[in-house]
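Spelled out, the chains give:
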Amino acid sequence: MKILVINCGSSSLKYQLINMDDKAVLSSGLVEKIGLSDPLLTHKKFDDKFIIDTDKQIDFGGKIQNHEDAVTIVIKVLLDKDLGVISSMKEIDAVGHRVVHGGEKYANSVIINDEVILELEKCSKLAPLHNPANLIGIYACQKIMPKTPMAAVFDTAFHQTMPEEAYIYSLPYEIYQNYGVRRYGFHGTSHQYVANVAAEFLDTDIKKLKIITCHLGNGASITAIKHGISIDTSMGFTPLAGLTMGTRCGDIDPSILAYLSHEMNLSIDELDNIMNKKSGVLGLSGISNDFRDVEDAANKGDKRAELALKVFTYHVKKYIGAYVAAMNGVDVIIFTAGLGENDKVTRANVINGLSYLGIAIDDNKNNVRGKLSVISTDESKVKAMLVPTNEELMIAQDTLILTSQ
Ligand code: AMP
């Protein structure tokens, strides 16, 4: 059974074709700059990478003007006799779509039908930057592969188990009732995937574990997973809340908005742009949103870069502490995503500040990148682990389960 996983952004489309018999990625790639004059297709056939000139290498007959064109060219490249991995479109048994926001309606992945599409259109208001793009990808696939079953897998679904006290904001209750303003949480597919992988690796029933998952990438969030279900998470109504991130500010005093709109004469949209795109590690360091650049600068003595890293580590520790309290304990702390999987210094800095939990980093074991492993000492009462995330595989697994029913 082969599943095509699609993740659409406003001007991009990521894809992965996975053979679910052995979970092998047959092909993956990215169409960028959709609608612009210089679209770009990067395609991987197994492990060979190709940058494809869509005008020359494949008879596409035009620019990639929209997501429908992007899906068409993805299918063409998958079928191409040199670059492709399948010989007929019928080999794609199902399509799994990443959808950012499922609102309160979806606590699980679903088969896409007309009713689901209507609900997703309603949810677009809650995630105006993401859901409309996800929907465009769904419409495009439906047009090009009308007979292929499709599933929607939501970033928010895993967190729908949070108790009221964790998701409600202390605003007038009617604002929640009338406008759906509450904590939703994101990165759910990743948090759920790494927690399951860790429990399997430790050969322990997830229902017996208290796990804190730290998804530390350009976007970063931490989740408290008690006995297999999410009970709290650091992102909120939007992915802006929680930790300081690559370009996002994370938690700040909400009154800062009113103050700055007066003092700097900025509109809400301008302030929103600052908080989402110009803050976080980039805003603090003034150097980059990429932790590698900021670490290089800090190693050369740049004080603002040092500060940015200190703030980030401090936020991670603070959230871990809060979630230990929320679960009345912790058994496993997991690091994942770009920074969590690759940066041993940040992992060590976080864990070294948590000795009160009876956890210590093993420097040899922590000297690892992107490999499923325990990185705490054998004596540690709480285990620290590195678990590479794989959101596409999780989406494909859910799609397989739903479409096989
Ligand atoms: P993601 O959003 O999960 O793709 O993570 C991307 C981020 O991971 C990049 O912006 C980097 O900041 C960070 N990252 C990736 N590799 C490393 C590394 N070797 N050391 C430090 N940070 C890294």
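Structure first, text after, so check above.
Quick caveat: nothing in here was measured; it's all calculated off a predicted structure.

Visitor: Give a detailed account of the site of the ligand, specifying residues and quantitative values.
Guide: Taken together, Gly217, Asn218, Asp290, Phe291, Arg292, Ala337, Gly338, Leu339, Asn342, Asp343 and Arg369 form the complete shell of residues around the ligand. Between Leu339 and the ligand, the recorded distance is 3.3 Å, taken from a backbone N or O atom to an oxygen atom. For the ligand, the protein covers 74% of the area, taking 500 Å² as the surface of the free molecule. Mapped onto the shell around the ligand, the elements with two or more residues apiece are α10 (291-299) and α12 (337-342). Sort the elements by how many residues they give to the shell around the ligand and α12 lands first, with four residues.

Visitor: Tell me about the packing of helix α11 (residues 303-327) against helix α13 (residues 344-352), and please be specific about residues and values.
Guide: Between α11 and α13, the shortest axis-to-axis distance is 9 Å and the interhelical angle comes to 45°. Between α11 and α13, the angle is such that the two are oblique. Where α11 crosses over α13, the handedness of that crossing is right-handed. Of the residues in α13, those in contact with Phe312, Thr313, Val316, Lys317 and Ile320 of α11 are Thr346, Asn349 and Val350.

Visitor: Can you lay out the pairing of strand β9 (residues 210-216) for me, pointing to particular residues and giving the numbers?
Guide: For β9, the tally of buried residues reaches seven of seven residues, placing the bulk of the element in the interior. Looking at chain direction, β9 and strand β10 (residues 220-226) are connected through seven bridges and run antiparallel. Its bridge partner being in β10, Thr213 is matched across the sheet by Thr223. The turn linking β9 back onto β10 is made up of three residues. Pairing of β9 with strand β12 (residues 332-336), which is carried by five bridges, proceeds in the parallel orientation. The residue bridging Cys214 from the neighbouring strand is Phe335, located in β12.

Visitor: Kindly report on the sheet that holds strand β11 (residues 229-233), identifying the contributing residues and their values.
Guide: Strand order across the open sheet formed by six strands is β11-β10-β9-β12-β14-β13, with mixed pairing between neighbours. With one partner strand each, in any of the chains shown, β11 and β13 (373-374) form the two edges of the open sheet. The pairing of β13 with strand β14 (residues 383-386) spans two bridges and is antiparallel. The partner of Val374 across the bridge, within β14, is Met385.

Calculation criteria
- Residues numbered from 1 in each chain as written.
- Predicted model: local features only at pLDDT ≥ 70, side-chain atom pairs only at ≥ 80, totals over all residues.
- Heavy atoms only, no water.
- Near = heavy atom within 4 Å.
- Polar contact = N/O pair within 3.5 Å; in protein donor to acceptor, adjacent residues only side chain to side chain.
- Areas by Shrake-Rupley, 256 points an atom, 1.4 Å probe, with all protein chains shown as cover.
- Helix = DSSP H or I, 4+ residues; strand = E, 2+ residues; numbered from the N terminus.
- Axes fitted to C-alpha atoms, helices over the stretch in contact; angles between N-to-C directions.
- Parallel < 35°, antiparallel > 145°, perpendicular 65-115°, else oblique.
- Left-handed = near helix turned anticlockwise from the far one by under 90°.
- Contact = heavy atoms within 4.5 Å.
- Buried < 20%, exposed > 50% of the residue type's maximum accessible area, 1.4 Å probe, protein only.
- Pairing = 2+ DSSP bridges.

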